Amino acid sequence: MKVLGIETSCDETAAAVVEDGTSILSNEIASQVELHARYGGIVPEVASRQHLLAIIPVIERAMAEAGVDWHNLDGLAVTRGPGLAGSLLVGVSVAKAVAAVQEMPLIGTNHLEAHIYANWLGEQKPRFPLICLIASGGHSDLVLTRGHGDYVMLGRTRDDAAGEAFDKAARILGLGYPGGPAIDKASETGAATIELPRAWLKGSYDFSFSGLKTALLRLVEGGRVCRSDDAAASFQKAVVDVLVTKTVAAAKEYRVKQILLSGGVAANRLLRRQLLAESPIPVLVPPPILCTDNAAMVAACGYFRLQAGKRDGLNMDVVPGLKLV
Ligand code: KG4
Ligand code: ZN
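1. So, the overall build of the protein chain
- Along its length, the protein chain carries 11 helices and 10 strands.
- Against the compact-globule benchmark of 20 Å for 325 residues, the protein chain has a radius of gyration of 20 Å, which places it among compact chains.
- Across its three principal directions, the C-alpha atoms of the protein chain cover 60 × 45 × 30 Å.
- Buried positions account for 54% of the 325 residues belonging to the protein chain.
- Looking at the protein chain as shown, the accessible area adds up to about 13400 Å², and 52% of this sits on carbon and sulfur atoms.
- Across the protein chain, 32 positive and 34 negative side-chain charges occur, with their mean positions spaced 7 Å apart.

2. Digging into the nonpolar core
- One finds I131, I183, F209, F235 and L243 to be the most contacted residues of the largest nonpolar core, which totals 44 residues.
- For this core, the secondary structure elements donating two or more residues are β6 (130–135), β7 (140–147), α5 (162–172), α6 (179–186), α7 (210–221), α8 (228–253), β9 (258–262) and α9 (269–278).
- Here this core gets 12 residues from one element, more than from any other, and that element is α8.
- Not counting residues within four places of it along the chain, the set of residues in contact with F235 comprises A165, F166, A169, I183, L196, L212, K213 and L216.
- Residues L112, L121, L130 and M153 belong to the second largest nonpolar core, which totals 33 residues.

3. Some details on the domain arrangement of the protein chain
- Considered domain by domain, the protein chain is made up of domain 1 (2–117 + 291–307) and domain 2 (128–285).
- Listed per partner, the contact involves 16 residues of domain 1 and 17 residues of domain 2.
- Across the interface of domain 1 and domain 2, roughly 1300 Å² is buried in total on both sides, 70% from carbon and sulfur atoms.
- Looking at the side of domain 1 facing domain 2, the largest losses of area belong to L112, I116 and C291, adding up to 44% of the total buried there.
- Taken together, domain 1 and domain 2 are joined by zero salt bridges.
- At the junction of domain 1 with domain 2, the criterion picks out five residue pairs in polar contact (both at pLDDT 80 or more).
- Among the secondary structure elements, those contributing two or more residues to the side of domain 1 that touches domain 2 are α1 (33–37) and α4 (111–117).

4. Some details on the side chain of D230
- Turning to its location among the elements, D230 is positioned in helix α8.
- Residues within four places of D230 in sequence aside, it is in contact with G190, A191, A192, T193 and I194.

5. Quick notes on the sheet that holds strand β5 (residues 106–110)
- One open sheet holds the five strands; their spatial order is β3-β2-β1-β4-β5, and the pairing between them is mixed. Because the sheet does not close on itself, it has two edges, and the strands there are β3 (23–31) and β5. On average, adjacent strands in this sheet sit at an angle of 20° to one another, irrespective of strand direction.
- Against the sheet, helix α2 (residues 44–66) makes contact with β1 (2–7), β2 (12–19) and β3, and its axis sits at roughly 25° relative to β2, the strand it touches most.

6. Concerning the site of ligand 1
- Around ligand 1, the surrounding shell holds 18 residues, and the nearest of these are H115, G137, D167, G180 and D184.
- Take H111: an N or O atom from its side chain is 3.0 Å from an oxygen atom of ligand 1.
- Between D293 and ligand 1, the recorded distance is 3.1 Å, taken from a backbone N or O atom to an oxygen atom.
- Only α4, α5 and α6 provide two or more residues apiece to the shell around ligand 1.
- A class-by-class count of the residues in the shell around ligand 1 yields four nonpolar, 11 polar and three charged.
- Both of domain 1 (2–117 + 291–307) and domain 2 (128–285) provide at least three residues apiece to the shell around ligand 1.

7. Considering the environment of G180
- Positionally, G180 belongs in helix α6.
- For G180 and K168, which are 12 residues apart along the polypeptide, the C-alpha to C-alpha distance reads 9.2 Å.
- Non-local contacts of G180, meaning those with residues more than four positions away in its chain, are made with F166 and D167.

8. Looking at the coordination of the zinc ion (ligand 2)
- Protein-derived coordination of the zinc ion (ligand 2) comes from H111 (NE2), H115 (NE2) and D293 (OD), at a distance range of 2.0 Å.
- Taken in chain order, the donor set of the zinc ion (ligand 2) reads H-x3-H-x177-D. Taken together, the residues span about one helical turn, with H111 and H115 both in helix α4 at a distance of four residues. For the residue pair H111 and H115, the accessibility class agrees, reading buried in each case.

Calculation notes
- Residues numbered from 1 in each chain as written.
- Chains lettered and ligands numbered in written order.
- Predicted model: local features only at pLDDT ≥ 70, side-chain atom pairs only at ≥ 80, totals over all residues.
- Heavy atoms only, no water.
- Helix = DSSP H or I, 4+ residues; strand = E, 2+ residues; numbered from the N terminus.
- Rg over C-alpha atoms; globule rule 2.2 N^0.38 Å.
- Buried < 20%, exposed > 50% of the residue type's maximum accessible area, 1.4 Å probe, protein only.
- Areas by Shrake-Rupley, 256 points an atom, 1.4 Å probe, with all protein chains shown as cover.
- Lys, Arg positive; Asp, Glu negative; His and termini not counted.
- Charge placed at Lys NZ, Arg CZ, Asp CG, Glu CD.
- Core = buried A, V, L, I, M, F, W, Y, C linked by side-chain atoms within 4.5 Å.
- Contact = heavy atoms within 4.5 Å.
- Domains from an automatic or database assignment.
- Buried area = accessible area lost by both parts, 1.4 Å probe.
- Salt bridge = Lys/Arg side-chain N within 4 Å of Asp/Glu carboxyl O.
- Polar contact = N/O pair within 3.5 Å; in protein donor to acceptor, adjacent residues only side chain to side chain.
- Pairing = 2+ DSSP bridges.
- Axes fitted to C-alpha atoms, helices over the stretch in contact; angles between N-to-C directions.
- Near = heavy atom within 4 Å.
- Nonpolar A, V, L, I, M, F, W, Y, C, P; charged D, E, K, R; others polar.
- Donors = N, O, S within 2.8 Å, 3.2 Å for Na, K, Ca; no water.

Take a look at the structure:
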């Protein structure tokens with residue numbers, strides 16, 4: 001069964017064709033990073049205009065690469081939230097138009113759920129029950145997953161999401177945008193020698209990164225940071241220590257079979273290394289290109305929803321604040 005996925009929730013215009021929810025036939029991404037870099041962050045109006053320009057060529061490339069025509073496709077999955085309203089609208093409007101004209105099943109997907117499904121696209125398949133850490137630009141969610149579509153939210157961020165914290169720290173250190181990859185890169189030459197606080201929030205699986213960000217800002221403002229690479233490495237270590245410790249603790253408490261990593265921050269090399277090293281429970285991590293926003297994960301998620309008999313009507317709307325549970 002082949003599903004076309006469409007993703008336009010933020011600043012990547014993406015389309016992909018995935019077979020049986022597990023094998024990627026094509027995965028096209030048109031990134032807007034350079035367009036937004038000059039503003040130091042995503043400008044929603046600019047993002048939606050760019051999606052409009054890119055969406056059709058990106059879908060055409062994904063279908064050509066996969067060697068499929070509309071009649072070879074069994075469904076059309078599209079991100080309906082969470083995300084930027086104007087950006088989501090572009091993908092959803094195109095998907096609805098195609099679904100209507102081609103009379104294809106339309107499947108609205110949750111962007112966070114799609115991030116989890118990036119883990120179904122690798123060689124090793126996930127086994128339930130599992131714990132998934134979704135660490136992205138807008139979310140840091142620790143989710144107990146007992147089966148397809150069966151989620152229990154164990155913890156979430158109380159302030160900044162992990163990716164947001166990386167982006168703000170990079171801005172404070174003058175490392176540019178996007179911040180996560182910049183901190184990851186700068187940390188290569190830096191040493192995590194600067195003491196920074198970790199918010200453990202004992203007794204809870206919630207996260208909090210704003211105190212850490214403020215501590216970094218105070219150090220920089222006080223002229224106490226000599227090398228930005230040392231500061232980047234120290235900041236990265238503080239975030240990763242908390243993410244890894246809480247994820248492993250949850251996996252042990254709920255006696256799960258596996259831990260899955262997902263979301264843009266899962267591309268972070270220290271996070272991947274440290275979780276693999278410290279977890280006594282098997283860990284699955286998608287390749288970096290499937291951690292950051294892409295449409296293959298949307299198509300995979302759409303396939304499993306379709307299998308469960310879930311379809312949406314042409315009255316489906318975008319939901320910018322859509323929750324996982
Ligand atoms: O999942 P994603 O592509 O988009 C959202 O759904 O938000 O995540 C983007 C976030 C950004 O905050 C970016 O800085 C962060 O993921 N990120 C990273 C790395 N690559 C991307 N954070 C840390 N290390 C990385 N290598
Ligand atoms: Zn995302």
